[in-house]
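# Close look at the chain arrangement
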Amino acid sequence: MDREEIYEMVIREMTEAAVRERNEQSPEDQELQEKAARLSKEMQEKIKDLPEDVKKAITDYVEATLLAADHDCLYLYEQGAKDCVALLKKLFTSSKVIWPERICENTFSRLALERRRSCSLCSPIR
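Residues numbered from 1 in each chain as written. Predicted model: local features only at pLDDT ≥ 70, side-chain atom pairs only at ≥ 80, totals over all residues. Heavy atoms only, no water.

Now for the overall build of the protein. The number of helices and strands found in the protein is 4 helices and 0 strands. If you list the helices and strands of the protein from N to C, you get α-α-α-α. The burial tally for the protein puts 14% of its 126 residues in the buried class. Put simply, of all contacts in the protein between residues at least 6 apart along the chain, 21% involve residues at least 24 apart. Carbon together with sulfur atoms contributes 58% to the accessible area of the protein, which is approximately 10,500 Å² in total. (Helix = DSSP H or I, 4+ residues; strand = E, 2+ residues; numbered from the N terminus. Buried < 20%, exposed > 50% of the residue type's maximum accessible area, 1.4 Å probe, protein only. Contact = heavy atoms within 4.5 Å. Areas by Shrake-Rupley, 256 points an atom, 1.4 Å probe, with all protein chains shown as cover.)

For the coordinates displayed, the defined rule picks out 7 salt bridges. Counted as one network, the salt bridges with shared partners bring together Glu 8, Arg 12 and Asp 70. (Salt bridge = Lys/Arg side-chain N within 4 Å of Asp/Glu carboxyl O.)

Our next topic: the layout of surface pockets. A volume near 750 Å³ is recorded for the largest pocket. Around the largest pocket, the lining is made up of 20 residues, and of these Gln 33, Leu 66, Ala 69, Asp 70 and Cys 73 lie nearest the centre. Going through the elements one at a time, α1 (3-25), α2 (27-47) and α3 (52-93) are the ones with two or more residues in the lining of the largest pocket. Of the residues in the lining of the largest pocket, the class split is 10 nonpolar, 5 polar and 5 charged. (1 Å grid on protein atoms, 1.4 Å probe; cavity = no way out; pocket = protein on both sides within 12 Å on 5 of 7 lines; lining within 4 Å. Points joined across faces, edges and corners; volume = space filled by probe spheres on them. Nonpolar A, V, L, I, M, F, W, Y, C, P; charged D, E, K, R; others polar.)

Put into structure tokens, the structure is as follows:
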């Protein structure tokens, strides 16, 4: 398994856990999930008597739509993480924000900065 596959697997697990947690804590989201499950069963019941080619076309369309939405969610999650990092970099390097010490460009972890006074990739932290 290469890095990209591991990265994708970790992000997928994190997003699924976040969605599960949100659904458990939000009555509106629980209702939406229950409604989707109910409609799915209803659709399966209604299409069972259709000709196989029509049934397959409907099923293929629904699967493709859900897969596209899943890919969009993954992209938006990754883009949100990138945007967050870019924003943090701008905040940390902004002359308007005064920090007690120079922030290492290679890490945003305050604990890491406290443990070592300089980064091998950056100039010493003052």
